[in-house]
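# Summary of structural features
In case you want the letters, here they are:
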Amino acid sequence: MSGAPGIGDGAAASANASLLNVLLEHGEPATSSGYGEHPPRMGFFTDTSICIGCKACEVACKEWNHVPEDGLNWTGHSHDNTIGLSADTWRHVAFIEQRVPVGEHQPNFQREGEGFRWLMSSDVCKHCTHAACLDVCPTGSLFRTEFGTVVVQQDICNGCGYCVPACPYGVIDKREDDGRVFKCTLCYDRLGAGQEPACAKACPTDSIQFGELTELRERAASRVEQLHEAGVVEARLYGESPDDGVGGDGAFFLLLDEPEVYGLPPDPVVTTRDLPRMWRNVGIAAGALVAGVATAFMGARR
Amino acid sequence: MSPLPSPSDWPLLRQLRGEDRLGRGAAVKSAATQALRPRTAEADRVVKSVCPYCAVGCAQNLYVKDDKVVQIEGDPDAPHSRGRLCPKGSATLQLTTGDSRERHVLYRRPYGTDWERLDLETAMDMVADKFVQARAEGWECESEGKPTRRCMSIAALGGATLDNEENYLIKKFLTAAGVIQIENQARVCHSSTVVGLGTSFGRGASSTLPGDLQNSDLIVLEGSNMAEAHPVAYQWITEAKARGATVIHVDPHYSRTSALADMFVPLRAGTDIAFLGGVINHVISTESDFREYVLAYTNAPTIVGEEFEDVGADGLFSGFDPEKRGYDPKSWQYEDALVAAAAGQRDQEADIAALTGGEDAKGAEQARGMPKLDPTLQHPRCVWQILKRHYAQYTPEMVERVCGVPRDVFAKVCRLFVENSGRERTTAFVHGVGWTQHTIGSQYIRAASILQLLLGNMGRPGGGVMAMRGHASIQGSSDIPTLFDTLPGYIPMPNAHRHEDLDTYIAASSAKRGFWGNMRDYMVSLLKAWWGASATAENDFCFEYLPRLTGSHGTYQTVMEQVKGTVKGYFLFGQNPAVGSANNRMQRLGMSKLDWLVVRDFSLIESATWWKDGPEIESGEMRTEDIATEVFFFPAAAHIEKEGTFTNTQRMLQWHHKGQDPQADQRSDLWFIYHLGKRIRERLAGSTEKRDRPVLDLTWDYPTEGEHAEPSADAVLAEVSGWNAEGKLLSGYTELKSDGSTSCGCWIYSGCYADGVNQTARRKPWREQNWTGSEWAWAWPANRRILYNRASADPDGKPWSERKALVWWDEEKREWTGHDTPDFEADKPPDYRPPEDAEGPAAIAGNTPFIMQADQRGWLFAPAGVADGPMPTHYEPQDSPVPNTVYPERQRNPAREVFQHEENRYHPDPDEPGGQVYPIVVTTYRLTEHFTAGGMSRWTPYLAELQPEFFCEVSPELAVERGLEHAGWATLISARGCVEARVMVTDRMTPLQIEGRTVHQIGMPYHWGPNGYAKGDSMNELSSMSLDPSSHIQEVKALSVEILPGRRPRGAARRELVREYRERAGITAETGMAP
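This structure is a prediction, so every number in the text was calculated from the model and none was measured.

## A closer look at the overall build of chain A
- A tally of helices and strands in chain A yields nine helices and eleven strands.
- Each of the three principal axes of chain A carries a C-alpha extent, and together these read 85 × 45 × 40 Å.
- Going through the 302 residues of chain A one by one, you find that 49% of them count as buried.
- Sequence-distant contacts in chain A: of pairs separated by 6 or more residues, those separated by 24 or more amount to 64%.

So this is what it looks like as structure tokens:
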């Protein structure tokens, strides 16, 4: 798990690792979470190049999980009236209307000599390999499932909210009138019965694909290759690499532009990355203190 | 509450004992988490159903626990939807089990100021009484000396969201009662598709299925916003793209459909005929057509009569009568061969009299023989040459001037068409209401049909014209029509003529050769289904019982009758004309003149509450206390609460089973019409009035079940499918007889209950069959999935190419075979040639695939059936800021239908004084998140929150020009009304250069109205009632407005603003009325 080029701090983070990191066996978080025999790690591959922005994922998620409707707010932000993931939105479709230089991109439409394209992408909790929300949860409400996903147990959550600033993607959120935090569960209940998550099942074009993470990664790599061959050179994967700052996402994406364009952080890093070093420093400092005190005492006796 | 866990189960101990030492996985799993089971797994049963929104007809699974539906998901086995659902389909649980549905009957007494509760039985009795009274008072025995035997005082609207069985009973009962003003959403959505496709190919429905688009090499989406309006069907375009197909979207507005296309071509709204005419011209002038196909399967070689004159400088074909504002089409006929159209205008009695000196049409067609052909295509009057001349002026330069499409872009489109058609490759058209809703809508569809015939794309895999229809059963409500002009199976309603009997009616309306030659079999079997034992050969099978038409009685004509006061009672079955129909104000004005109104819906839609809170109440123009209309609101049962069939956009009938009971007063429409019919029959029992015989003789005794006495939809479907004299269910329409020994409620649906098995309930998974999915449910006709598929083989019966093989002649077995059910007589060899005097199917040669056509050929030129010309011709929309460049002397379709009324004023010609007062072009469309007039989405929170407000989309250039602020408000004004909308400034709207000037376009979704959870003004306050003459569909896809920054005035000032602009434009009663 040494640093890979181009991922900057993320590589350092991986090398440095969170508490959990050292215990990980080949990126199988379920193994290190006490599941002896467990199913393969499951996840999402969201291929935004075929997303039609229909928001079936948003509605299917709300219907299945009884997520409340969260208000009528026309934003004027293209067709996005959801704006972002929140306690009441576990799938969010972003709409990006974009003027692009012709040549670098292959827009299907030119306007006043400039290219134009409309990107759509369904965002979701990334179910990180190194999940900071999980690291900081003091109650054991947030837990790693046998499928390698990260889920809030609503019967345990006490609403402390530590997890909210811990998430490098800004996903997990507190429902104000409830006090507890909510986010995508990757339909943990359905997975247990061998069913796919509601959003992936509904997705009309199969932009959201659910499956074994290793298989999804292979599929994604060949999709990128296919798009590159077709001249869509800007196609790239986001969150698929186990070498990134969160050890790879359980839910990763094929994007057609830089992550920032979609409102995604370019180099997400597990926010608890520095905890071991901090504790080590604390340990050293404490040790030094103890040693100092001991020395002082011993010196005093002498 | 579960008992407390034993200490050994405490997380801390588990953490210390187990492998999850950090306590973030297995060790901290709570008891509740441990016990988690999905309700899909816990359900008692899974019930097979179908999504109630659009016409893709996605199969649904209802998960039922304790007799309540607890979850609704896609059925992964379905070949057409593969388990997927769009946001609307995904919201069906909230739609049906949420709390926005009304549960009780509501009643508004005359002049009443609010709703009152009313007992269901009492309400039913009151409606029955009012029906009987209105019918008696409004009965009309004759009109202008011709017997009509009808009731003009009652009208009905709606049916596209209903089951086929419900539409069947509504049409059956109301027709027997003499009601002719029966209409539904199919009129305002796709009636022009029926005319366009029906006259061109023989059947007025989509020729293919979305699933076959995966086989296309080029897909041209034009007049369709498929990714938004039909997202689940769009998966097949995604498949096609993955297989290397090219996708073009031609549209005034860059939508989510455009975003995924390889090429987006913006054009000016209302100019598609010029665009398609340009492609036709390109194909003909470069001889890029599929010549063998064209010669063998189209009427290109057919000689047209000498009387025909093409459109000249005056923009008129031969036969125009300015007094009647319409054409006498007889000069368009073939030389020495009178043919009847398979759809559209089919009553040719007038033509016949003129042509044959009194002979009937069938006789005339026989006497005048087969059409003459010139296989060299050189005869100056052969269709090929006529077509070539007609489209010669649709040059790339003309396309650029009219549509605003640059020549290089247009050249690329033409090249893609040609490269992707022929033996080895196929191109498909996908269209929706962007093409249909124009004053010349039928001709839009004709233009695409011509192109597909020239390029040889019909009847072949990956080819065809895919009509994307909008409601769950709007295809069904066209087939079993709650429409004024047809009987089930596209049999025309009889017109009022002197001395007309069954024989003269059949002769005047049907072709002699081909399968319409058997119309008498279909008609007699229908009359037997309706009047049973009372229908005998002696009494012409009760043909006399059918009320008669005198012209158009479409929904807009009905509105005019309401305004005049002729219509006393009006039924709305799941349709919301106060939002969805053109010119909302006229709709409300019409309803305010009714004695009584019955609304059946889920929620209190605008059409149910206008008397209380409509815009005219707000402006003070109407006072609730002055409105006499009595209003009954009946809460409707949802699809999960009843069983029956929907017919989807690919002609597929899918049975949906019941998941739970409706609550309180909620009832199915089947229950409503059946029990209303029973009550009315009880009231008329013993009557000696001749007009009551059709009601009393009607077969109206369906088995019922349950505490509400729900009639059996299954029994109704069996009646629709038909049986013989022994009561044996028929296997198909070829078994129908004209002697009265068979009964069949809809001949094209015959066989859907073959062998006593409900074929529509079949659900064989897609993995176990080929892509046509022919063992899933049942499609008309005869379970054929791709129509005219005989054309996928050459005249000798061999596939044009292996790559595009579909059906072929198996010489060894002496039968047609292949991947689909052959759309041809299975044992008729390719070399069969009919004797000269053959009639009906026997007259179909073995090498002619269009078996419903009078000449068995695809019609490049329509000698009959289309009211405004044999070939599509560009005219400007009713309200357009641009002059007609192609025919400068003729601004608009001369044969269009217009209504002169103070509240339905039109805009001036663009070059008249005041012609630029409404200078901006508007086009309208649907959003994925909403459904049509909003009745099934604005009240559904999960959908409402996704698109909460009415908005208009404007280009940055227009925003600058008019001072419009992004996310602010704009006021839009037409001669009919004014509305306000939020402003979306977007690059997706493009100003076009037309004749050296900039033409701006505004895009507007039309889903909103003042009621519901998500509210807004209704786009249709702006639109006018101006119609296509063949189909009577309104023009709402291209109109013109003025736009101003800021919110609209309130109260009386709103009307004042409209009046002010009318004055400024100099609008009078005559404006825009000229033919």
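## Quick look at the overall build of chain B
- What chain B contains, in helices and strands, is 35 helices and 39 strands.
- Relative to the 2.2 N^0.38 estimate, which gives 31 Å for 1075 residues, the radius of gyration of chain B is 29 Å and therefore close to what a compact globule would have.
- In terms of principal-axis extent, the alpha carbons of chain B reach across some 95 × 75 × 70 Å.
- The buried share of chain B, reckoned over its 1075 residues, is 65%.
- Taking as baseline every contact in chain B between residues at least 6 positions apart, the subset at least 24 positions apart corresponds to 74%.

## Concerning the sheet that holds strand β21 (residues 644-647) of chain B
All names here are of chain B.
- Here we have three strands laid out as an open sheet, ordered β21-β22-β27, and antiparallel in their pairing. Both edges of this open sheet fall to β21 and β27 (778-779), since each of them pairs with a single strand only.
- Across the face of the sheet, helix α7 (residues 164-176) comes into contact with β21 and β22 (652-656) while running at roughly 95 degrees to β21.

## What about the sheet that holds strand β11 (residues 251-255) of chain A?
All names here are of chain A.
- Pairing in this open sheet of four strands is mixed, and the strands run β9-β1-β11-β10 from one edge to the other. Each end of this open sheet is capped by a strand with a single partner; those strands are β9 (208-212) and β10 (236-238). Each adjacent strand pair in this sheet contributes to an overall mean axis angle of 25 degrees, direction not counted.

## A word on the nonpolar core
- In terms of nonpolar packing, the biggest core is built from 401 residues, with A60 and C133 of chain A together with I219, I280, L451, C952 and L972 of chain B touching the most fellow members.
- Looking at which element gives the most residues to this core, the answer is helix α24 (residues 519-531) of chain B, with nine residues.
- Setting aside chain neighbours within four positions, we find A60 of chain A in contact with A198, C199, K201 and A202 of chain A together with L85 and S90 of chain B.

## Notes on helix α25 (residues 555-564) of chain B
All names here are of chain B.
- Extensive coverage of α25 is indicated by the burial of seven of its ten residues.
- Listed as buried for α25 are T555, Y556, Q557, T558, V559, Q562 and V563.
- Looking at the packing, one finds that the buried side of α25 touches β7 (146-157), β8 (179-183), α8 (185-189), α27 (584-592) and β38 (1026-1027).
- Backbone geometry just after α25 places G565 at a positive phi near 100 degrees.

## Section: the interface of chain B and chain A
- The partner chain A presents 54 residues to the 66 residues of chain B that form the contact.
- Taken together, the residues of the side of chain B that touches chain A break down into 33 nonpolar, 18 polar and 15 charged.

## Notes on unusual backbone geometry
- In the segment running from W780 of chain B into P781 of chain B, the intervening peptide bond is cis, with an omega of -10 degrees.
- Phi is positive for E112 of chain A, which is not a glycine, with a value near 50 degrees.
- Taking the C-beta count within 10 Å as the criterion, E112 of chain A has 11 such neighbours and is therefore assigned exposed.

## Thoughts on the packing of helix α13 (residues 272-285) of chain B against helix α18 (residues 396-403) of chain B
All names here are of chain B.
- Their axes nearest at 9 Å, the elements α13 and α18 cross at an angle of 170 degrees. Taken together, the axes of α13 and α18 are roughly antiparallel relative to one another. For the pair formed by α13 and α18, the contact residues are A274, F275 and G278 on the first element and P396, M398, V399, V402 and C403 on the second.
- Here the residues of the contact of α13 with α18 sort into seven nonpolar, one polar and no charged.

## Concerning the packing of α25 of chain B against α27 of chain B
Residues and elements named next belong to chain B.
- Relative to each other, α25 and α27 sit at 45 degrees, their axes nearing to 7 Å. As judged from the angle between their axes, α25 and α27 are oblique. Crossing of α25 against α27: the hand is left-handed. Contacts from V559, Q562 and V563 in α25 reach M586, Q587, L589, G590 and M591 in α27.
- Class assignment of the residues belonging to the contact of α25 with α27 gives a composition of five nonpolar, three polar and no charged.

## Looking at helix α19 (residues 407-419) of chain B
Residue and element names in this part refer to chain B.
- Its 13 residues give α19 an end-to-end C-alpha distance of 18 Å, which sits within 8% of 18 Å, the value for a rise of 1.5 Å per residue.
- For α19, the set of buried residues is V409, F410, V413, F417 and V418.
- Where α19 is buried, its residues touch β9 (218-222), β10 (246-251), β11 (263-266), α13, α18 and β14 (427-431).

## Notes on the environment of A56 of chain A
- With respect to the secondary-structure elements, A56 of chain A resides in helix α3 (residues 56-65).
- Separated by 35 residues in sequence, A56 of chain A and R91 of chain A have C-alpha atoms that sit 9.5 Å apart.
- The contact partners of A56 of chain A, leaving out residues within four places of it in the chain, are A202, C203 and P204 of chain A together with L85, C86, P87, S90 and P231 of chain B.

## Focus on the environment of S141 of chain A
Residues and elements named next belong to chain A.
- When you line up the elements, S141 lands in the loop between α4 (132-136) and β5 (142-144).
- Given 24 C-beta atoms within 10 Å, S141 falls into the buried group.
- Sequence separation of S141 and V93 is 48 residues, and the distance between their C-alpha atoms is 27 Å.
- Residues contacting S141, with those up to four places away along its chain left out, are V152, Q153, I156 and C157.

## Things to note about the pairing of strand β20 (residues 630-635) of chain B
All names here are of chain B.
- Counting buried residues along β20, six of its six residues qualify, which places the element largely inside the surrounding structure.
- Of the two faces of β20, the one carrying E630, F632 and F634 and the one carrying V631, F633 and P635 are both buried.
- Where strand β4 (residues 106-108) lies against β20, three bridges are found, and the strand directions are antiparallel. Each bridged residue has a counterpart across the sheet, and for R108 the counterpart in β20 is V631.
- Where strand β19 (residues 596-601) lies against β20, six bridges are found, and the strand directions are parallel. What sits directly across from V599, in β20, is F633.

## Comments concerning the confidence of the model for chain A
- For chain A, per-residue confidence averages 89 on the pLDDT scale, and residues scoring 70 or more make up 90% of the total.
- Low confidence marks residues 1-26 of chain A, where pLDDT is under 50. Its contacts with residues over four positions away, or in another chain, come to 57 contacts.

## Thoughts on the environment of G178 of chain B
All names here are of chain B.
- When you line up the elements, G178 lands in the loop between α7 and β8.
- Note on G178: 25 C-beta atoms within 10 Å, which makes it buried.
- Counting along the chain gives 28 residues from G178 to R150, while the straight-line C-alpha distance between them is 4.2 Å.
- For G178, the contacting residues outside a window of four places in its chain are R135, W139, R149, R150, C151, P547 and R691.

Scoring rules and cut-offs
Residues numbered from 1 in each chain as written. Chains lettered and ligands numbered in written order. Predicted model: local features only at pLDDT ≥ 70, side-chain atom pairs only at ≥ 80, totals over all residues. Helix = DSSP H or I, 4+ residues; strand = E, 2+ residues; numbered from the N terminus. Buried ≥ 20, exposed ≤ 12 C-beta atoms within 10 Å, placed from the backbone. Contact = placed C-beta atoms within 7 Å. Rg over C-alpha atoms; globule rule 2.2 N^0.38 Å. Pairing = 2+ DSSP bridges. Axes fitted to C-alpha atoms, helices over the stretch in contact; angles between N-to-C directions. Core = buried A, V, L, I, M, F, W, Y, C linked by C-beta atoms within 7 Å. Nonpolar A, V, L, I, M, F, W, Y, C, P; charged D, E, K, R; others polar. Parallel < 35°, antiparallel > 145°, perpendicular 65-115°, else oblique. Left-handed = near helix turned anticlockwise from the far one by under 90°. Expected span 1.5 Å × (residues − 1). pLDDT = per-residue confidence, 0-100.

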